[in-house]
Amino acid sequence: MYLIVGLGNPGRQYEATRHNMGFDTIDYLVEKHRVPQGGVKFNAMYGKGIIGGEKVILMKPLSFMNLSGGPVRDMANYFKIDPETEMIVIYDDIDLDPGQLRIRKQGSAGGHNGIKDIIRQLGTDKFLRIKVGVGAKPKGWDLADHVLSRFTDSDRKLVDETISRAGDAVETIISRGADTAMNEYNRKPANPKTQSSDTGTV
């Protein structure tokens, strides 16, 4: 069984913001694989289904980004999930341009507070993660304002395509392994946008 965690912030005011790439990818997986929702457990929305021939739990912590670790730890403990071999975390990355994905098997938080809290609560940084590019912080902007802002229409279209690729990467990891997924999805798109054209509005 796999625990698939998408990070984000709950509430309508945060929908479609850069920081909610994990939530958006979970929504994509729920719809594509018709995963029934199980309600709320350990301060997280979750559902159980099948992806890539394996049982999965799809999870969106409701604790707000900076406190994601507690719900993840509790859910993993309850379902007897080994985070180092049976967990995938999906989240936004400002070091990647919109349209880019990056799959990693382990690593530091890289300044991402949600990942930082998960590492702290689990006591390990050895878990699979899928990073969804949202573009660098514009000069002079506060980081929080940037990650809580929305995309321009053109970037939003690109990001929506990337979210579907992130969801498909989850299926590839489960069915064919992380190395195969990294080879397939860590490459830049055929026509990558090298620079986000605008920052959108908060």
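These numbers come from a predicted model, not from an experiment. (Residues numbered from 1 in each chain as written. Predicted model: local features only at pLDDT ≥ 70, side-chain atom pairs only at ≥ 80, totals over all residues. Heavy atoms only, no water.)

J.: Sorry if this is basic, but what is going on with the overall build of the protein here?
T.: Counting its regular elements, the protein contains 7 helices and 7 strands. Along its sequence from the N terminus, the protein presents helices and strands in the succession β-α-β-β-β-α-α-β-β-α-β-α-α-α. For 202 residues, the compact-globule estimate of 2.2 N^0.38 gives 17 Å, and the C-alpha radius of gyration of the protein, at 16 Å, lies within 12% of that figure. Along the first, second and third principal axes, the C-alpha atoms of the protein reach 45 × 35 × 30 Å. A separation of at least 24 residues holds for 71% of the contacts in the protein among residues at least 6 apart in sequence. Across the protein, 28 positive and 26 negative side-chain charges occur, with their mean positions spaced 2 Å apart. (Helix = DSSP H or I, 4+ residues; strand = E, 2+ residues; numbered from the N terminus. Rg over C-alpha atoms; globule rule 2.2 N^0.38 Å. Contact = heavy atoms within 4.5 Å. Lys, Arg positive; Asp, Glu negative; His and termini not counted. Charge placed at Lys NZ, Arg CZ, Asp CG, Glu CD.)

J.: Before we go on, may I ask you to explain the pairing of strand S2 (residues 37-40) in this structure?
T.: Two faces, one strand: in a regular strand the side chains alternate between the faces of the sheet. Bridge count for S2 against strand S3 (residues 44-51) is 3 bridges, and the pairing is antiparallel. Bridging from a neighbouring strand, Val 40 pairs with Met 45 of S3. Here S2 folds back onto S3 in antiparallel fashion, the turn holding 3 residues, of which Phe 42 has a positive phi close to 55°. (Pairing = 2+ DSSP bridges.)

J.: Help me understand the sheet that holds S2 in this model?
T.: By way of backbone hydrogen bonds, the strands of a sheet pair with one another, either parallel or antiparallel. Taken together, 7 strands build an open sheet; the order of strands is S2-S3-S4-S1-S5-S7-S6 and the sheet is mixed. A strand with exactly one partner marks an edge of an open sheet, and here the two such strands are S2 and strand S6 (101-104). For this sheet the average axis-to-axis angle between neighbouring strands, irrespective of direction, equals 20°. Where strand S5 (residues 87-93) lies against strand S7 (residues 128-133), 6 bridges are found, and the strand directions are parallel. Bridged to Val 89 within S7 is Arg 129. Across the sheet, helix H1 (residues 21-33) touches strand S1 (2-6), S2, S3, strand S4 (54-61), S5 and S7, and the angle it forms with S4 is around 140°. (Axes fitted to C-alpha atoms, helices over the stretch in contact; angles between N-to-C directions.)

J.: Please explain the side chain of Thr 162 as it appears in this structure.
T.: Positionally, Thr 162 belongs in helix H6 (residues 153-176). Once you skip the residues sitting within four places of it in the chain, Thr 162 turns out to touch Gly 99, Gln 100, Leu 101 and Val 132.

J.: What is the right way to look at helix H2 (residues 69-78) in this model?
T.: Side chains of residues three or four places apart in an α-helix project in the same direction, reflecting 3.6 residues per turn. Where H2 is concerned, the buried positions are Gly 69, Gly 70, Pro 71, Val 72, Met 75 and Ala 76. A positive backbone phi angle near 55° is found at Lys 80, which sits one or two residues after H2. (Buried < 20%, exposed > 50% of the residue type's maximum accessible area, 1.4 Å probe, protein only.)

J.: Explanation requested: unusual backbone geometry in the structure shown.
T.: Trans peptide bonds make up the majority, and among non-glycine residues the majority have a negative phi. Positive phi values are uncommon outside glycine, yet Ala 16 reaches one of about 70°. Mapped onto the secondary structure, Ala 16 falls in the loop between S1 and H1. By relative accessible area, which is 29% here, Ala 16 ends up partly exposed. For Phe 42, which is not glycine, the phi torsion reads 55° and is therefore positive. Within the secondary structure, Phe 42 sits in the loop between S2 and S3.

J.: When you look at the packing of H2 against helix H4 (residues 113-122) in this model, what are you seeing that I'm missing?
T.: The description of two helices packed together rests on the angle between their axes and the distance between the axes. Put simply, H2 and H4 touch, their axes get as near as 8 Å, and they point 45° apart. Here H2 is positioned oblique relative to H4, judged by the angle of their axes. For the crossing formed where H2 meets H4, the hand is right-handed. The segment H2 lies against H4, with Gly 69, Gly 70, Val 72 and Arg 73 engaging Asp 117, Ile 118, Gln 121 and Leu 122. By residue class, the composition of the contact of H2 with H4 is 3 nonpolar, 3 polar and 2 charged. (Parallel < 35°, antiparallel > 145°, perpendicular 65-115°, else oblique. Left-handed = near helix turned anticlockwise from the far one by under 90°. Nonpolar A, V, L, I, M, F, W, Y, C, P; charged D, E, K, R; others polar.)

These figures come from the coordinates and say nothing about function on their own.
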